[in-house]
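Per-entry structural report
Given next are the chains, with one letter for each unit.
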Amino acid sequence: MQNCFHSQFSVDEAEYEDIEENRRTSVDEDSIYLGCTLSQSFNPDFHHSPVIKMGWLHKTPPQGTLVFQKRWVMLDAQYLRYFQNEKEVYSKRIIAILSVTKVLNVGGQKFEVVTRNRTFLFRAENNSKSVREEWVSVLKETIQQHCNSMEKSLMNSSDTRGQRASRVSLISKQGYLEMSGLRSKLYVVICADSVFLYRNAEEHSQGVGITSIEMNLGTVKGTDKRSFNLTTIYRTFSFVAESEQQREQWVEVLQACVSHSLSSNAVAQKIWSEEANQRCADCGAPHPDWASVNLCVVLCKCCAGVHRGLGQSVSKVRSLKMDENAWTENQLFLLLGNDKVNLFWAANIPPSEMLCPSSDSEERQRFVTAKYCQGKYRCYHALFGQQEALNKALCNTIQTGDVLETLSLVFCGADVNCYTGDPELPSPVSVAQHYGQTLQVEFLTHNHNTGRSNETKAALPISHTGYLFKTASSTRAVTEHFSRRWCSLNQGNFSYYESEKSSSQSGQMKMSDVLCLVVNPQGKHGYGHSFELYHDSGRVYLFGEDSPDTVREWIKVIGKALVPPVAEDLVGWSFERVGRLRYTVGQSFHCPCLGWFSLGGSRLLLLLHGEDQVDNIDLRKLQELFTQGYSETSGAVVLVDRGRRLRLEGDRRPDYQGWLSGIQQGLGRGDGPLDQQQLTETEVPVIVDRCISYITQHGLKSEGIYRRCGVNSKIAALLLSLRHDARQVRLSEGVCQVDNVANVLKRFLREVGEGVFNGHQASLPWLHTTSDERRERVSQYKALLHSLPPVNRATLGAVINHLYCVQCFADENQMNMHNLAIVFGPTLFQTDGTDNSAGQVVEELIQNYQDIFNVSGSAVSAEELVCEVLRRGNIPPQQGDYWSCFLVNDNQEMERPLHYQERALAIYFSLGKDCHLVVKRNCYMEAMLIYIAAMVDVSRNSMIKFSDEKGQRGKRTFSRRLCVLDGTSLRLYKEVKSTQPERECQVHALKVYYGIKKRLQPPSCWGMTVVCEQAERDKQQWYLCCESKNELIKWLATFMNLQVVSFCVTETYSTFLSSLFDFFFSFSFFIYIALTHTHYT
């Protein structure tokens, strides 16, 4: 076959043998197989149009071949597609419903799909007449609905040609492209937010193609002069254009297609309905699709980029298309409009300074800064400069609907947070709310940190004089030839003279040209105290003095003169280095901003561009740190902290290398005490956390855990790697043995500086608790625990928590509390083991773990677990997503959401090797709650496809059964007329899991596994398969509703159901957090 794929694509063997001979007569065997499958069952929601029907069919065989090919077929409102199997993402063929003229029944359970130029022959599985009739009926109905909608749209349009042109205009580009591994070219069509692949242009005109690629999952990147890649989450398509110019055109159109697929015009069209908003407020460019929500101006893309660079405290930029969820209201922009707002912002613009759509970035930067930061062109309010009068006028205006007057008052100095004089309505926002002025409330809310608070504070003049010893400036700090100089800091200039009486300067530098101030360790460079100034030219100035007070005062005044007034917190502590660096946030490396940073020990303070508050990073808790692109001319260091990616850029100048060295030293030392280790967010050393997590996952049931010896050479090598950089070490099963990891943990705790109990002296009270009463000893332990430093307290809690979990499996690992105490007593107290008091203390800590560490133990419910995990994940409450704690069984390929009152830790301790708990979004919950709310009778019955464990030994077939579920039991009847159930299980003994393992070959992907355990040794698994997602949701909702009733015997049903609804609160992010990484301490 001419157009088969060899490397990334392949053709079925049966097809390949006969395709050349029958290429002209065979209709659909020239399909191309895109070999890409999902790791889990294919989700039909991947396509934009909802799936109407899907299932297995046999399709037209090649000429002369007697065996039909089995294909997974899917039908939606627009296309009929068939795939190699149900896991495939990209189809072998796609047939537009618009091109189908009729559907015909033919003999042998077969039916034909007839298009204008081709006929596709399908045959139902298992000679099932009902399946064929169902497919034919659904296809005819879909075709008829499509024709009706087309006729209706044509009747509503007087210009048929215009209607046709409108449909054609959705195609942004089409043409031939080469594809990697393909002998001849493909015809590629970019239409709306999808890319369609055809064998040739003729197929495109016929409406029969190969596949479609949804661009909301894609990215486009050029790879060579003529080639580029289209990458989705499932695979990468490599294309080659005819020329470099053509490649640029294709890449540009594809990138626009990606943006279009992720955007919505609903907000933009509404805001553009105000004519003044159809032009950019700054340069006048047409159709601006960005806006500053606090300045109330609609902007083009170029001007919005400049606004974003000003920072959130000046201009809060939002996209009209990409940020649709952020636009809860847009009436403010319809009320004002760019023309009215510019009566204030642009009242006095000289013609020579006006922007136009073709203005370059420097002109835009200059104009936007002058217009909004300096207020150079604004119409000054009559009360400008009279603060009290401005505030009073603001409080009066917000009672009316005159938002433009409010805007004028705020950006001429009125304080949006001023006191109104009314204790019941103390703020302007509360006054506006009281008078029902919703637009005033919206405007004030967007500007709560602008107005007066946005005005730059005037820096107080800083001056200081005195003698310092100085070396000649160099490209590095040198210690030779120190000379005593009279130094003066005044009006932002640092000067030095031969003596106090000299009138001519020996040298001078502007503080604005100083990149960094470094405080040296005591005794460095031959002086008791010294500091360095790194100049923008690359030179280093070293100053020293034996008097600590003298140097301390100089550092204080130089630091204040160096940083802007808003960043004074950066120099108000014992820092080691302070200065400015270029940085970017996120994945983009373009357009770096200038920020201020202060470093001391493991603490990094920073003030980013446009922010008005100093942020704090604990370097010990960094998730990741690495250098990037370092060369002789440039380099960068990337910090990942609490999910934020911060890229600090520098060059070869010594100041950047000093920053890099200081940050690396602040990460934590594996050979230091606990508070100098790399830490997790819960302040547990990463070494301890890594080892505990690994043993929790792979060694809880290992016999003799912590008593058996590992391989000493591997233990030493692994501990050395962890001490060097624990975050970069990944403990994986099969590579690291459980006993080796266990011994690494013991050796680290025994050798760590000062130990877990913060030194020998601090550990003595633990070993000499005098009371004979358990309650009093527990009280003493709690007091001693509270006296430990935070890191030591968190580490001890994590270790005892882990040992408590280990002893829960004592029947299997033979490590009860006493055995663990024998091992960990000398380890934690760093003793020789001759005194058994250390073991007794550790045993009592494990035995009384819940009381001493204030945890609820196995009483932790699924609800409490979800709340705790989301709190630790720092996920704020939002609307839209429902969360549950799932019990996941990897071996059986199924999962179930725990009832929110189930005891999560008790379940966790009983889990097998293939099971774990996961907190994640419940995709069915919203539909289930809606269905439950509308239920009248808490029961359900319908025909459903069924199989059980016995079927696994035979043909593994699914048979239709009448399934009846009510408040007492779940019953399966062989036929509708049957009076006795074939199988029955009480509701209280049921556990319902989502999913059916794939090797059972379920007839659809809408399946559930029902585990029935009515007696200790009577456990059965039933596999129930629904025909649609909606049917599955109804069954799951009925099961959940009945189990709510059976679970709660003391509460009324309505009260309990209300609490169930309250539990499933909403969050906006999608995150999986495993229980094994969460320690309750």
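This is a predicted model, so every value here is computed, not measured. (Residues numbered from 1 in each chain as written. Predicted model: local features only at pLDDT ≥ 70, side-chain atom pairs only at ≥ 80, totals over all residues. Heavy atoms only, no water.)

Attention shifts here to the overall build of the chain. For the chain, the count of helices and strands is 31 helices and 46 strands. Looking at the chain as a whole, 50% of its 1081 residues qualify as buried. When contacts within the chain are restricted to residue pairs at least 6 apart in sequence, those whose partners lie at least 24 apart make up 59%. Of the accessible surface of the chain, which amounts to about 52000 Å², a share of 47% is contributed by carbon and sulfur atoms. (Helix = DSSP H or I, 4+ residues; strand = E, 2+ residues; numbered from the N terminus. Buried < 20%, exposed > 50% of the residue type's maximum accessible area, 1.4 Å probe, protein only. Contact = heavy atoms within 4.5 Å. Areas by Shrake-Rupley, 256 points an atom, 1.4 Å probe, with all protein chains shown as cover.)

Take the packing of helix H17 (residues 686-698) against helix H19 (residues 738-751) next. Following both chains from N to C, one finds H17 and H19 inclined at 150°, their axes separated by 10 Å at the closest point. Between H17 and H19, the interaxial angle falls into the category roughly antiparallel. Crossing handedness for the pair H17 and H19: left-handed. Across from Ile687, Val688, Cys691, Ile692, Tyr694, Ile695 and His698 in H17, the residues of H19 making contact are Val738, Val741, Ala742, Val744, Leu745, Phe748 and Leu749. Here the residues of the contact of H17 with H19 sort into 13 nonpolar, one polar and no charged. (Axes fitted to C-alpha atoms, helices over the stretch in contact; angles between N-to-C directions. Parallel < 35°, antiparallel > 145°, perpendicular 65-115°, else oblique. Left-handed = near helix turned anticlockwise from the far one by under 90°. Nonpolar A, V, L, I, M, F, W, Y, C, P; charged D, E, K, R; others polar.)

Now for the sheet that holds strand E16 (residues 227-232). In space, the seven strands of this open sheet follow the order E14-E12-E11-E10-E17-E16-E15, with antiparallel pairing throughout. Both outer strands of the open sheet, strand E14 (211-214) and strand E15 (218-222), are each paired with one neighbouring strand and no more. Between one strand axis and the next, the sheet turns through 30° on average, direction left out of account. Relative to strand E11 (residues 186-191), strand E10 (residues 171-179) runs antiparallel, the two being bridged by six bridges. Following the sheet pairing, glutamine 174 is matched in E11 by valine 189. (Pairing = 2+ DSSP bridges.)

Attention shifts here to helix H16 (residues 654-665). With twelve residues, H16 extends 16 Å from end C-alpha to end C-alpha; this agrees with the ideal 16 Å at 1.5 Å per step. Among the residues making up H16, those that are buried are Asp655, Tyr656, Gly658, Trp659, Leu660, Gly662 and Ile663. (Expected span 1.5 Å × (residues − 1).)

A sheet is described by the order of its strands in space; here eight strands give the open sequence E7-E8-E9-E3-E4-E5-E6-E13, paired in antiparallel fashion. Each of the sheet's edge strands pairs with one partner strand only, and the pair in question is strand E7 (100-106) and strand E13 (208-209). Bridge analysis of strand E3 (residues 51-59) against strand E4 (residues 69-76) gives eight bridges, and the strand direction is antiparallel. Counted as the bridge partner of lysine 59 is glutamine 69 from E4.

Joining two cysteines, a disulfide is a covalent bond between their sulfur atoms. Applying the stated criterion to the full structure yields one disulfide. Put simply, cysteine 985 and cysteine 1012 are joined by a disulfide, and their sulfur atoms are 2.0 Å apart. Judged by the torsion about the S-S bond (100°), the cysteine 985/cysteine 1012 disulfide is right-handed. Residue cysteine 985 is found in strand E41 (residues 983-986), and its partner cysteine 1012 is found in strand E43 (residues 1007-1015); the two are separated by 27 residues along the sequence. A residue is classified by how much of its surface remains accessible, and cysteine 1012, at 1% relative accessible area, is buried. (Disulfide = S-S within 2.5 Å.)

Attention shifts here to the environment of tryptophan 596. Relative to the helices and strands, tryptophan 596 is located in strand E29 (residues 593-600). For the pair formed by tryptophan 596 and arginine 580, sequence separation is 16 residues and the distance between their alpha carbons is 4.4 Å.

Right, let's talk about the packing of aromatic side chains for a bit. For the structure shown, the criterion picks out 30 aromatic pairs. With 6.3 Å between their ring centres and 75° between their planes, tyrosine 82 and phenylalanine 122 make a pair best called edge-to-face. Of the two residues, tyrosine 82 sits in strand E5 (residues 79-83) while phenylalanine 122 sits in strand E9 (residues 119-124), which places them 40 residues apart along the sequence. The class for phenylalanine 122 is buried, based on a relative accessible area of 2%. With a centroid separation of 4.9 Å and 75° between ring planes, the pair formed by tyrosine 706 and phenylalanine 824 is classed as edge-to-face. With tyrosine 706 in the loop between H17 and helix H18 (712-725) and phenylalanine 824 in helix H24 (residues 817-829), this residue pair connects regions lying 118 residues apart in the sequence. Relative accessible area serves as the criterion here: at 0%, phenylalanine 824 is assigned to the buried category. What links up through ring pairs into an aromatic cluster is the set Phe344, Trp345, Tyr372, Phe411 and Phe443. Here arginine 235 stacks its cationic end above the ring of phenylalanine 237, 4.4 Å away from the centre of that ring. The side chain of arginine 484 reaches across the aromatic face of tyrosine 467, ending 3.8 Å from its centre. (Phe/Tyr/Trp six-rings, centres within 6.5 Å; stacked < 30°, edge-to-face > 60°. Lys NZ or Arg CZ within 6 Å of the ring centre and 35° of its normal.)

With that settled, consider the pattern of salt bridges. Any two side chains of opposite charge can pair, given that their charged atoms come close. Considering all chains together, one arrives at 31 salt bridges under this definition. For arginine 723, the salt bridge goes to glutamate 751, with nearest N and O atoms at 3.0 Å. Separated by 28 residues along the polypeptide, arginine 723 in helix H18 and glutamate 751 in helix H19 bring together distant segments of the chain. Its relative accessible area of 25% is what places arginine 723 among the partly exposed residues. For aspartate 948, the salt bridge identified is with arginine 983, shortest N-O distance 2.5 Å. Taken together, the positions of aspartate 948 in strand E38 (residues 940-948) and arginine 983 in strand E41 put the pair 35 residues apart, joining distant regions of the chain. Its relative accessible area of 11% is what places aspartate 948 among the buried residues. By sharing partners, the salt bridges in this structure join Arg93, Arg118, Arg199 and Glu203 into a single network. (Salt bridge = Lys/Arg side-chain N within 4 Å of Asp/Glu carboxyl O.)

What follows covers the packing of H19 against H24. Here H19 crosses H24 at 35°, and the two axes come no closer than 6 Å. Along the contact surface, H19 presents Lys746, Leu749 and Arg750, while H24 presents Val823, Phe824, Pro826, Thr827 and Leu828. Taken together, the residues that form the contact of H19 with H24 break down as five nonpolar, one polar and two charged.

Right, let's get into helix H12 (residues 403-410). Extensive coverage of H12 is indicated by the burial of six of its eight residues. Among all positions of H12, only Val403, Thr406, Leu407, Ser408, Leu409 and Val410 are buried. Residues of H12 that are buried sit in contact with helix H8 (331-335), helix H9 (337-345), helix H11 (387-397) and helix H14 (438-446).

So, on to unusual backbone geometry. A positive phi angle, close to 65°, is found at glutamate 683, a residue other than glycine. Looking at where glutamate 683 falls in the secondary structure, it is placed in the loop between H16 and H17. Under the relative-accessibility criterion, glutamate 683 is labelled partly exposed at 23%. In this model, tyrosine 706 sits at a positive phi of 75°, which is unusual for a non-glycine residue. When its relative accessible area of 1% is taken as the criterion, tyrosine 706 is described as buried.

Moving on: the nonpolar core. Core analysis: the largest hydrophobic core is formed by 64 residues, its most contacted members being Tyr706, Leu749, Trp766, Leu796, Ile800, Phe824 and Leu828. Per-element tally for this core: the top contributor is helix H22 (residues 790-807), with nine residues. Other than its neighbours up to four places away in sequence, tyrosine 706 contacts Ile695, Ala742, Leu745, Lys746, His802, Val806, Leu820, Val823 and Phe824. Listed in part, the 45 residues of the second largest apolar core include Val297, Ala304, Leu332 and Leu409. (Core = buried A, V, L, I, M, F, W, Y, C linked by side-chain atoms within 4.5 Å.)

Once that is clear, we can look at the side chain of lysine 746. Structurally, lysine 746 can be placed in helix H19. For the buried residue lysine 746, which engages in no salt bridge, the nearest side chain bearing the opposite charge is aspartate 739, 8.5 Å off. Sequence-distant contacts of lysine 746, defined by excluding residues within four places in its chain, comprise Tyr706, Val823, Phe824 and Thr827. (Lys, Arg positive; Asp, Glu negative; His and termini not counted.)

Before going further, it helps to examine the environment of asparagine 348. Residue placement: asparagine 348 occurs in the loop between H9 and helix H10 (361-373). Residues asparagine 348 and lysine 376 lie 28 residues apart in sequence; the distance between their C-alpha atoms is 8.0 Å. Excluding residues within four positions of it along the chain, asparagine 348 makes contact with Tyr377, Arg378 and Cys379. Reaching out from asparagine 348, the side chain makes a polar contact with the backbone oxygen of arginine 378 at a distance of 3.1 Å. (Polar contact = N/O pair within 3.5 Å; in protein donor to acceptor, adjacent residues only side chain to side chain.)

The next point concerns the confidence of the model for the chain. In low-pLDDT regions, the fine details of the predicted coordinates are not to be read closely. When the pLDDT values of the chain are averaged, the result is 80; 82% of them are 70 or greater. Predicted confidence in the chain is weakest over strand E45 (residues 1066-1067), with a mean pLDDT of 32, and strongest over H19, with 93. With pLDDT under 50 throughout, residues 451-460 is counted as low confidence; its partners more than four residues away or in other chains account for eleven contacts. Confidence over residues 1045-1081 falls short of pLDDT 50; this stretch has 100 contacts with residues more than four positions distant or in other chains. (pLDDT = per-residue confidence, 0-100.)

On to the environment of serine 488, then. Within the secondary structure, serine 488 sits in strand E22 (residues 483-490). Separated by 66 residues in sequence, serine 488 and tryptophan 554 have C-alpha atoms that sit 10.0 Å apart.

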